[in-house]
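Observations on chain architecture
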Amino acid sequence: MEKRQYTQEEKKVLKSMFIRSHLTFLSFNMTKMEANGFTITMQPAIESIYGDDEEAKKEAYARHQNFFNTHAVPFAFIAGLAYAMEKEHKEKGSIDGQMIESIKAALMGPTAGMFDSMFFNCLRIIAAGIAIGLCSQGNFLGVPIFILLYGITQSIGKYIFLRLGYTYGTSFIDQIFSSGLMATLTKSASVLGLMMVGAMTATTVNVPLNWTINVGQTSVVVGDVVNSIFPGILSIGLLFLLMSLIKKGKRPVWLIAGIFAVAMLGALAGIF
Amino acid sequence: MSIMTAAVIGTIVYWVIYVLDPYIFSWQCINRPIVIAPALGLLLGDFQTGIIMGAALESIFMGISAIGGQIPADALSATVVSVSYTILTGADAETGLAIALPIGTVMASVNSMFMSLWSAIAPYWEKLAVSGKPNKFLAYNLIFSCVIAPIPGALVMFFGLAFGVTGLNNALAALPPFVMAGLGAASSMMIAIGFAILTSMIWSKEVGCFFFVGYVMVKILGMDSLSIAIIGAAIAITMFFREKSMIDMKKELMAAGVQQDEGEEDFF
């Protein structure tokens, strides 16, 4: 990738946009979601591009007040891209407002999915896994490590992707899509994610069976018998039972209530 | 420390975290139990319990958050209440953990109720945005998100902490022992819900087996999470480049195939 020289004005706008891109969820609501955050992030760009042209400014603001929703990091990428497109729109007229809106809309879904799998399902799990490991032993260092690994990386990501969006414009997402690497990236990320989930299931999920059957003189501790088949086999069984219920569309709230009921009844019967 | 002081501290922590994440700084980072619980523990005078409960609560809430826009349980309020409860009453952490999810569920519905309510002012934001006063728009948004938006949750939080914790404690003391055993069992099994949601989101037939690799690494080999992350990263990177080269190869083959076809056409 070639280095690109930014003008003084561009640098100023990009810096301001970077800081404002942290306000992604400002005044978040169910109808327009991140629209206000996007408008605020676009303000420096719009002010810089359109200057005194009040009519065009109004149009641009209305454009970016539309429904918007994606992950917080590609949010910056799309803002950078929108900056490039607005500039193109003003200077060359090759892109019209309609196109800016449709490109924004087209990018929301795929970028949200891609970054959710990278940040939320992979990086977060790694960061939390390390932090949980440290904190469960009473080591407070887990907290700064978690913020560093998962929070600061979001900011770095925003900084990089804002510039990337501005510089490489529309061709970027096209390239990843057409090269077919998107699926590969998601798959590799989920290998890591799944391994970490498996590891954490092993450390934290526990079916505390405390059930002893008395057969004449001898007593059988059921938990030990079950665990001798494979350690924690009940935990895995529970997890996959829950997974199949979720796949069938059961709401988590009902699963929580169900487990509560099972635990209570089990405790009453002396199983737990 | 009196209950009132603790309730005020808990409410302030709730407020500050609510504003920092997601509005000002990050998304799903500062408002995770692993960050809140130690911070609250420090303020309430029991850092160690805060840290340990942070680890346990993070495990519970790992998967139960922001799935497809619907949040089944609010990690922030659940953490604040369960950590305050544990530290103030000196109860064991397991009881605190068991009350976390029910509270989180209640608060999540309170939050989503107000989230829908705030949709009502969306037309106002639109009018303000096109009015050509960018600084006013920014300032009003900041005031709304930092001052008005946290109020309903903070109020519930304050009353819950001020009057709920003692009430809860008395109620729990009066319960028969099987209830406590059941609560303990429920809290260690509820963690599975979060992981189940998470697993079903990233599960695919092709790579699903790696879940068990991770499981065995901990359960049988007793490895720590960082080592597993390193091995997992190595596998993921290898896989990525192998598939990439396969895709490249496929493209080359296709390109070669096209050329061959052209050649044959010429020949005939």
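Residues numbered from 1 in each chain as written. Chains lettered and ligands numbered in written order. Predicted model: local features only at pLDDT ≥ 70, side-chain atom pairs only at ≥ 80, totals over all residues. Heavy atoms only, no water.

Moving on, we come to the overall build of chain A. Scanning chain A for helices and strands turns up eleven helices and two strands. Evaluated residue by residue, chain A yields a buried proportion of 54% over its 272 residues. Within chain A, residue pairs in contact and separated by at least 24 positions form 69% of the contacts whose partners lie at least 6 positions apart. Total accessible area on chain A is roughly 11,900 Å²; 63% of this is exposed by carbon and sulfur atoms. (Helix = DSSP H or I, 4+ residues; strand = E, 2+ residues; numbered from the N terminus. Buried < 20%, exposed > 50% of the residue type's maximum accessible area, 1.4 Å probe, protein only. Contact = heavy atoms within 4.5 Å. Areas by Shrake-Rupley, 256 points an atom, 1.4 Å probe, with all protein chains shown as cover.)

When their charged atoms lie close together, side chains carrying opposite charge are able to pair. Tallying each qualifying case throughout the model produces eight salt bridges over all chains. The salt bridge partner of A:Lys57 is A:Glu54, with a shortest N-O separation of 3.8 Å. Of the two residues, A:Lys57 and A:Glu54 are both situated in helix α3 (residues 54–63); the distance of three residues between them amounts to about one turn of the helix. Measuring nitrogen to oxygen at the nearest pair gives 3.3 Å for the salt bridge that ties B:Glu58 to B:Arg32. Here B:Arg32 lies in the loop between α1 (3–24) and α2 (33–44) and B:Glu58 lies in helix α3 (residues 47–61), a separation of 26 residues in the sequence. Overlapping salt bridges, with partners in common, bring together A:Glu47, A:Glu54 and A:Lys57 in one network. (Salt bridge = Lys/Arg side-chain N within 4 Å of Asp/Glu carboxyl O.)

Take the pairing of strand β2 (residues 218–221) of chain A next. Residues and elements named next belong to chain A. Bridge count for strand β1 (residues 212–215) against β2 is four bridges, and the pairing is antiparallel. Bridge assignment links Val215 to a residue of β2, and that residue is Thr218. The hairpin turn running from β1 into β2, its antiparallel successor, is two residues long, and Gly216 in that turn takes a positive phi close to 60°. (Pairing = 2+ DSSP bridges.)

A word on the confidence of the model for chain A. Here chain A averages 83 in pLDDT, while 89% of its residues score no lower than 70. Per-residue pLDDT, averaged within each element of chain A, yields its smallest value for helix α7 (residues 171–179) of chain A (58) and its largest for helix α2 (residues 35–50) of chain A (92). (pLDDT = per-residue confidence, 0-100.)

Okay, the packing of aromatic side chains next. Applying the stated criterion across every chain, the model contains 26 aromatic pairs over all chains. Both rings, one in A:Tyr83 and one in A:Tyr166, keep their centres 4.3 Å apart while their planes meet at 15°; by these two values the pair is stacked. Remark: A:Tyr166 occurs in helix α6 (residues 142–168) and A:Tyr83 occurs in helix α4 (residues 72–91); sequence separation between them is 83 residues. Judged by relative accessible area, A:Tyr83 falls into the buried class, the value being 1%. Looking at A:Tyr166, the relative accessible area reads 5%, which means it is buried. Between the aromatic rings of B:Tyr18 and B:Tyr23, the centroid separation amounts to 6.0 Å while the plane-to-plane angle is 65°, which identifies the pairing as edge-to-face. Accessibility assignment for this pair places B:Tyr18 and B:Tyr23 in one class, buried. Taken together, the aromatic side chains of A:Phe25, A:Phe28, A:Phe120 and B:Trp27 make up a single cluster linked through ring pairs. Seen from the ring of A:Phe120, A:Arg124 lies directly overhead, with NZ or CZ sitting 3.8 Å from the centre. (Phe/Tyr/Trp six-rings, centres within 6.5 Å; stacked < 30°, edge-to-face > 60°. Lys NZ or Arg CZ within 6 Å of the ring centre and 35° of its normal.)

Once that is clear, we can look at the interface of chain A and chain B. Frequently, the measure chosen for interface size is the accessible area removed from exposure when the parts meet. Each side of the interface is counted separately: chain A has 99 residues, and chain B has 97 residues. Carbon and sulfur atoms supply 77% of the area that chain A and chain B bury against each other, a total of about 8,800 Å² over both sides. Contact with chain B buries area across many residues of chain A, yet A:Lys187, A:Leu194 and A:Met195 alone supply 8% of it, more than any other trio. In this assembly, chain A and chain B are joined by two salt bridges. (Buried area = accessible area lost by both parts, 1.4 Å probe.)

The next point concerns unusual backbone geometry. All names here are of chain B. A cis amide bond links Asp21 with the next residue in sequence, Pro22, at an omega value of 15°. Summarising the element assignment, Pro22 is placed in helix α1. Not every positive phi belongs to a glycine, and Gln28 is a case in point at roughly 60°. Along the chain, Gln28 turns up in the loop between α1 and α2.

Moving on to the packing of α1(B) against α2(B). Residues and elements named next belong to chain B. Contact geometry for α1 and α2: axes closest at 10 Å, N-to-C directions at 145°. Pair α1 / α2 crosses with right-handed handedness. Residues Ala6, Ile9, Gly10, Val13 and Ile17 of α1 touch α2, and the partners they reach there are Ile36, Leu40, Leu43 and Leu44. Split into classes, the residues belonging to the contact of α1 with α2 amount to eight nonpolar, one polar and no charged. (Axes fitted to C-alpha atoms, helices over the stretch in contact; angles between N-to-C directions. Left-handed = near helix turned anticlockwise from the far one by under 90°. Nonpolar A, V, L, I, M, F, W, Y, C, P; charged D, E, K, R; others polar.)

Turning our eyes to something else, we now look at the nonpolar core. Residues A:Phe146 and B:Phe61 are the most contacted members of the largest nonpolar core, which totals 153 residues. For this core, the element with the highest residue contribution is helix α5 (residues 97–136) of chain A, accounting for 17 residues. Setting aside residues no more than four positions away along its own chain, A:Phe146 makes contact with A:Arg124, A:Ala127, A:Ala128, A:Ala131, A:Gly151, B:Cys29, B:Arg32, B:Ile34 and B:Val35. (Core = buried A, V, L, I, M, F, W, Y, C linked by side-chain atoms within 4.5 Å.)

Glancing now at the confidence of the model for chain B. Predicted confidence across chain B gives a mean pLDDT of 82, with 88% of residues reaching 70 or more. In the model, residues 66–70 of chain B has pLDDT below 50 throughout and makes nine contacts with residues more than four positions away in sequence or in other chains.

For the rest of this paragraph, the subject is a nonpolar patch on the surface. Residue and element names in this part refer to chain B. Together, Met4, Ile121, Tyr124, Tyr140, Ile143, Val147, Ile148, Ile151, Leu155, Phe159 and Phe163 make up an exposed nonpolar region whose accessible area comes to about 990 Å². Elements supplying a minimum of two residues to the nonpolar patch: α7 (134–148) and α8 (151–173). Secondary-structure assignment places Leu155 in helix α8. (Patch = residues over 30% accessible without salt bridge, like charges linked within 9 Å, V, L, I, M, F, W, Y side chains within 5 Å.)

Further remarks concern the environment of B:Glu58. The exposure class of B:Glu58 is buried, given its relative accessible area of 0%. In the structure, B:Glu58 is positioned 133 residues away from B:Ile191 in sequence and 9.4 Å away in space, judged by C-alpha atoms. Beyond its immediate sequence surroundings of up to four residues, B:Glu58 is in contact with A:Arg124, A:Ala128, A:Ile132, B:Arg32, B:Pro33 and B:Ile34.

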